[in-house]
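Descriptive structure summary
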Amino acid sequence: MIASRAARILVVLALAPALAKAQTRTELLDRLVRAYPEALSGHDDKRILWRDGTAMPVDDGVDDKSFDQRLRDASIIDQLRLSYPVGVSAPPALNADPGRFRNEAFFKKMYGDCRSGAVQRNLVTIIWLPRSWGRAIQVTRINGVADRLKEVSAEIDKLDPALRAAAFPIAGVLSCRPVADTGRMSMHGYAAAIDLNLRYSDYWLWAGRGKSVSYKNRMPREIVDIFERHGFIWGGKWYHYDTMHFEYRPELLAR
Ligand SMILES: [Zn+2]
């Protein structure tokens, strides 16, 4: 009796890592589909399925990419590999950049290509911080990003003046240029990211390209919490930090 129970436990333990891995991949893809209900209809083990009938491969068969390779050539599953620490504010570990791996084909299909004017056709105007700043900004309407930013704006507007000062004037939304260190389009290329007040900002590259990056931040926790509640990740949670930067990535915030 005892022996057979022990044997069963051993069998369970032997199977556990493989099962956990399989569930993790399925769970990650489930999250991705749930995060973009307007665009995605489902997935199987190999493909992401779009509502227009398009299928895209989940991975590219290259499992042993370096950090730099993942920044330049992320597959859809690579994009989900690093988990984003909601609500935790410890300085990020080496190369912990959850959200910086982006599959360009995926986001181009989602938001359009800014070089052809497709992103620009989906821009809508919202008023950023009507009570404190009140200027018009243009953001994508796709995935409800504009509506969510309006909600973020209304909540930041209710913070103490000393806190909300970090949220205006904004440094920009749409920028049709690749990221300096990756050569790939950032979420600004899709008008789904916003940079807040440059004067409260810290950026890893400003310290120079040294061997290690020392973390700095002046963005108030309260502003970060508001963005995260509405589906935006913060660049201050990256080892290669960019503390004025927020981008719409609900797949990384889902629990
Ligand atoms: Zn930015």
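Here is a short report on the structure shown in this document. Small disclaimer: the values here were computed from a predicted structure and weren't measured. (Residues numbered from 1 in each chain as written. Predicted model: local features only at pLDDT ≥ 70, side-chain atom pairs only at ≥ 80, totals over all residues. Heavy atoms only, no water.)

Quick notes on the layout of surface pockets
This is how it is decided: With a 1 Å grid laid over protein atoms only, a set of points is called a cavity when a 1.4 Å probe fits there but cannot get out and a pocket when it is open yet has protein on both sides within 12 Å along at least five of seven lines; lining residues have an atom within 4 Å of a point. Grid points are joined across faces, edges and corners, and a volume is the space filled by probe spheres set on the points. Any residue outside Ala, Val, Leu, Ile, Met, Phe, Trp, Tyr, Cys, Pro, Asp, Glu, Lys and Arg is labelled polar, Gly included; the first ten of those are nonpolar and the last four are charged.
The space that makes up the largest pocket amounts to roughly 500 Å³. If you go around the largest pocket, you meet 26 residues; those closest to its centre are S186, H188, D195, Y203 and D242. A breakdown of the residues in the lining of the largest pocket according to their chemical character gives 12 nonpolar, 7 polar and 7 charged.

Here we look at empty space enclosed by the protein
Throughout the structure, instances matching the rule amount to 1 cavity of 30 Å³ or more. For the largest cavity, the calculated volume is near 70 Å³. Around the largest cavity sit L71, R100, R102, N103, E104, F107, V179, T182, R184, M185 and Y190, which together line it. When its residues are assigned to classes, the lining of the largest cavity shows 5 nonpolar, 2 polar and 4 charged.

Overview of the coordination of the zinc ion
Our working rule: Shown as donors are all N, O and S atoms within 2.8 Å of a metal ion, widened to 3.2 Å for Na, K and Ca; because water is not in the atom set, sites may appear incomplete. Numbered from the N terminus, helices here are DSSP runs of H or I no shorter than four residues, and strands are runs of E no shorter than two. Categorising residues by exposure relies on relative accessible area from a 1.4 Å probe, with only protein chains included: less than 20% of the type maximum marks a residue as buried, more than 50% marks it as exposed, and the intermediate range marks it as partly exposed.
With distances of 2.0 Å, the protein atoms coordinating the zinc ion are H188 (NE2), D195 (OD) and H245 (ND1). Motif for the zinc ion, donor spacing along one chain: H-x6-D-x49-H. Taken as a pair, H188 in the loop between α5 (161-164) and β6 (193-195) and H245 in strand β8 (residues 245-248) lie far apart in primary sequence, 57 residues in all. H245 matches H188 in its accessibility class, with the two residues each being buried.

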